[in-house]
Amino acid sequence: MGNGLQTRRTVDELRELQSLTGDGNGAQRLCWTDTWLRAREWLAGKLAELPVQTEIDQAGNQWATLAGESDRALLIGGHLDSVADGGWLDGCLNVLAGLEVLRHLAAQGRPPLSVRLVSWADEEGARFGRSLFGSSAAAGHLRPDEVRGLKDPAGVALPDALAACGVQLDTAGDSQSQLSNAAAYLELHIEQGPVLERLGLPLGAVLGTFGVERHLVRFTGQSAHAGSTPMDARRDAFAAAARFALDIRDIAKGAGGVSTVGRVVTRPGIVTAIAGLCEVTLDQRHLDVNTLGAMLAKAKSVGASIAAAENVSVEWERIWRIDPVHFHSELIGICEQAIVEVAGHGHRLPSGPLHDAAEVARAGVPAAMIFVQSLRGLSHTKDEDTRPEYIELAVSALDSAVVRTLDWARAR
Ligand SMILES: [Zn+2]
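Description of the structure in this document. Because the structure is predicted, anything quoted here is derived from the model rather than measured. Along each chain, the written sequence defines residue order, and numbers are assigned to residues from 1. Where local features are concerned, this predicted model is filtered to residues with pLDDT of at least 70; where side-chain atom pairs are given and counted, the filter is 80 or more; whole-chain, interface and lining totals use all residues. No hydrogens and no water enter the side-chain calculation; it runs on all heavy atoms of the structure.

Some points on the packing of helix H10 (residues 329-343) against helix H12 (residues 388-410)
Consideration 1: As a packed pair, H10 and H12 sit with axes 8 Å apart at the nearest point and diverge in direction by 135°. With respect to their mutual orientation, H10 and H12 come out oblique. Of the two possible hands of crossing, H10 and H12 adopt the one that is right-handed. Facing Glu 330, Leu 331, Ile 334, Gln 337, Ala 338, Glu 341, Val 342 and Ala 343 of H10, the residues of H12 in contact are Leu 393, Ser 396, Ala 397, Ser 400, Ala 401, Arg 404, Thr 405 and Trp 408.
Consideration 2: Note that Gly is not counted as nonpolar here; it falls among the polar residues with everything else outside the nonpolar set of Ala, Val, Leu, Ile, Met, Phe, Trp, Tyr, Cys and Pro and the charged set of Asp, Glu, Lys and Arg. A per-class count over the contact of H10 with H12 returns nine nonpolar, four polar and three charged. Convention adopted: a line fitted to C-alpha atoms gives each axis, helices being fitted over their contacting stretch, and angles between N-to-C directions are expressed from 0 to 180 degrees. For the purposes of this entry, the term helix denotes a DSSP run of H or I that reaches at least four residues, the term strand denotes a run of E that reaches at least two, and both are numbered from the N terminus. When describing relative orientation, an angle under 35 degrees is termed roughly parallel and one over 145 degrees roughly antiparallel, while 65 to 115 degrees is termed roughly perpendicular and anything else oblique. A clockwise turn of the near helix away from the far one marks a right-handed crossing, whereas an anticlockwise turn of less than a right angle marks a left-handed crossing. Here, two residues are considered to be in contact whenever any of their heavy atoms come within 4.5 Å of each other.

Describing the side chain of His 189
Consideration 1: Tracing the sequence through the fold places His 189 in strand S7 (residues 182-190).
Consideration 2: Only protein chains enter the accessibility calculation, which uses a 1.4 Å probe; a residue is then buried when its area is under 20% of its type maximum, exposed when over 50%, and partly exposed in between. With relative accessibility at 0%, the residue His 189 sits in the buried group.
Consideration 3: Two N or O atoms form a polar contact when they lie within 3.5 Å of each other; inside protein one atom must be a possible hydrogen donor and the other a possible acceptor, and for residues adjacent in sequence the pair counts only when both atoms belong to side chains. At a separation of 2.9 Å, a polar atom in the side chain of His 189 contacts the side chain of Asp 90.
Consideration 4: Dropping the residues within four chain positions of it, His 189 is found in contact with His 79, Asp 90, Gly 91, Asn 94, His 355, Met 369, Ile 370, Phe 371 and Val 372.

Looking at the sheet that holds strand S11 (residues 277-286)
Consideration 1: In this description, strands pair whenever DSSP reports at least two bridges between them. Read from one edge of the open sheet, four strands run S10-S11-S9-S12, paired in antiparallel fashion. The open sheet terminates on both sides in strands that have one partner only, identified here as strand S10 (258-267) and strand S12 (313-322). Averaged over all pairs of adjacent strands, the angle between strand axes in this sheet comes to 15°, irrespective of strand direction.
Consideration 2: The sheet contact formed by S10 and S11 spans eight bridges and is antiparallel. Bridged to Thr 260 within S11 is Asp 283.
Consideration 3: With respect to the sheet, helix H8 (residues 237-255) is in contact with strand S9 (211-220), S10, S11 and S12, its orientation differing from that of S11 by roughly 5°.

Some thoughts on the packing of aromatic side chains
Any aromatic ring pair is given by two values, namely how distant the centres are and how the planes are angled relative to each other.
Consideration 1: Each Phe, Tyr or Trp ring (for Trp, its six-membered ring) is paired with any other whose centre lies within 6.5 Å, and the angle between the two planes then decides the class: stacked below 30 degrees, edge-to-face above 60, tilted in between. Within this structure, the stated rule accounts for six aromatic pairs.
Consideration 2: Relative to Trp 36, the ring of Trp 32 has its centre 5.1 Å away and its plane inclined at 65°; by these criteria the two rings are edge-to-face.
Consideration 3: For Trp 32, a relative accessible area of 5% corresponds to the buried category.
Consideration 4: For the ring pair Trp 120 and Tyr 185, a centre distance of 6.2 Å and an interplane angle of 45° mean the geometry is tilted. Residue Trp 120 is found in the loop between strand S6 (113-119) and helix H4 (133-139), and its partner Tyr 185 is found in strand S7; the two are separated by 65 residues along the sequence.

Points about the coordination of the zinc ion
Six octahedral donors around a metal ideally sit at 90 or 180 degrees from one another, while four tetrahedral donors ideally sit at 109.5 degrees.
Consideration 1: The donor set covers N, O and S atoms within 2.8 Å of the metal, switching to 3.2 Å for Na, K and Ca, and it leaves out water, so a site may look short of donors. Those donors, His 79 (NE2), Asp 90 (OD) and His 189 (NE2), are the protein atoms that reach the zinc ion, and they lie 2.1 to 2.2 Å from it.
Consideration 2: Sequence positions of the residues that donate to the zinc ion give the spacing H-x10-D-x98-H. With a gap of 99 residues between them, Asp 90 in the loop between strand S5 (70-78) and helix H3 (92-106) and His 189 in strand S7 connect regions that are remote in the sequence.
Consideration 3: Owing to a relative accessible area of 4%, Asp 90 belongs among the buried residues under this scheme.

Points about the pairing of S11
Consideration 1: Of all ten residues that make up S11, nine are buried, and the element is covered over most of its length.
Consideration 2: Pairing analysis gives ten bridges linking S9 to S11, with the strands arranged antiparallel. Note on S11: the bridge partner recorded for Glu 213 is Gln 284.

A short note on the state of the cysteines
Consideration 1: In plain terms, two cysteine sulfur atoms within 2.5 Å form what is called a disulfide here. One pass over the full model with this rule turns up zero disulfides.
Consideration 2: The structure places no disulfide on Cys 335, whose sulfur is separated from the nearest cysteine sulfur, that of Cys 92, by 20 Å.

Structure below.
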């Protein structure tokens with residue numbers, strides 16, 4: 001095949017990485033661990049065979065630069081870190097597909113723009129609970145004081161884990177200089193959901209990432225004896241929360257978004273008492289910021305009506321929120337053209353999970369993503385899988401999108 005793109009090699013290298021850094025329970029590349037560092041060294045070994053300059057920035061992100069005619073750069077990103085007992089594709093597919101694209105480009109001489117592969121540090125936040133560490137540092141969105149106190153389950157402090165890998169929390173933001181010449185950013189990722197499989201499509205162009213509204217909703221009634229309190233005299237906080245948990249599903253369906261009550265706590269939480277207090281978490285997501293706001297307003301009004309009907313009170317506390325991120329419309333079009341070229345049929349879909357691409361887009365760099373189908377929609381489990389022939393198609397689509405984006409960026 002000579003200088004051609006060897007898509008099969010990506011599948012082989014994914015398996016090689018899995019055997020090096022995984023076990024019978026799945027991938028074990030938690031960030032800031034020896035296993036993650038081993039993966040990073042393994043990638044460095046692959047990159048050493050290419051005419052690229054490599055560096056690790058102040059946030060622990062690993063970069064490989066293929067110099068082009070111009071300093072302006074097209075970035076291709078992914079992440080080698082995984083959750084514990086993770087899948088063999090989440091994050092590392094993008095890195096290894098990008099590696100193959102770099103090989104292909106390097107074999108054709110000097111590209112018009114520099115092309116830079118980045119493996120972002122700690123995308124998952126699996127150890128310390130802070131996702132998108134490296135990309136948010138590079139995007140200028142990391143606040144050291146907000147993460148300084150984080151500890152892993154073993155009690156190790158985040159700054160110490162970083163320092164063991166040569167990263168100083170207070171200077172991680174200096175990695176912002178990495179984005180200064182960025183003309184565009186492309187990321188290939190597994191879908192991690194069931195949409196493309198349901199449609200029978202291997203690939204899709206991603207419109208953006210959902211905005212998120214996350215709240216603690218607290219219903220307060222009156223604890224009372226389960227035997228002596230007549231049914232019409234109860235102020236049952238759990239019953240109110242249960243009705244609420246069902247209604248937020250209809251709000252999401254009606255708005256084309258998603259809503260989840262993922263946790264419920266009752267007090268006193270015993271079999272012989274009516275729950276006087278019930279706290280639930282609510283996670284609402286939508287790609288449109290106004291619709292997301294409307295979903296929240298509707299949930300609040302439904303919560304108030306249910307509270308009145310159940311003779312309890314309700315309070316809301318925001319845990320976290322983030323705006324939706326819309327990817328660059330011309331780059332979405334380019335990704336779709338690349339997908340049609342290799343797979344014959346395009347499709348556009350939003351992303352429910354957050355990705356590094358969202359941080360890069362928020363920093364003002366034109367960004368877009370390609371999704372490849374996930375079998376059964378599974379991810380963050382060793383059962384995560386994608387057909388090898390679809391992985392190969394995805395590598396081809398990324399390669400085509402890179403070539404098209406180089407043309408697009410040169411003309412700008
Ligand atoms: Zn990922």
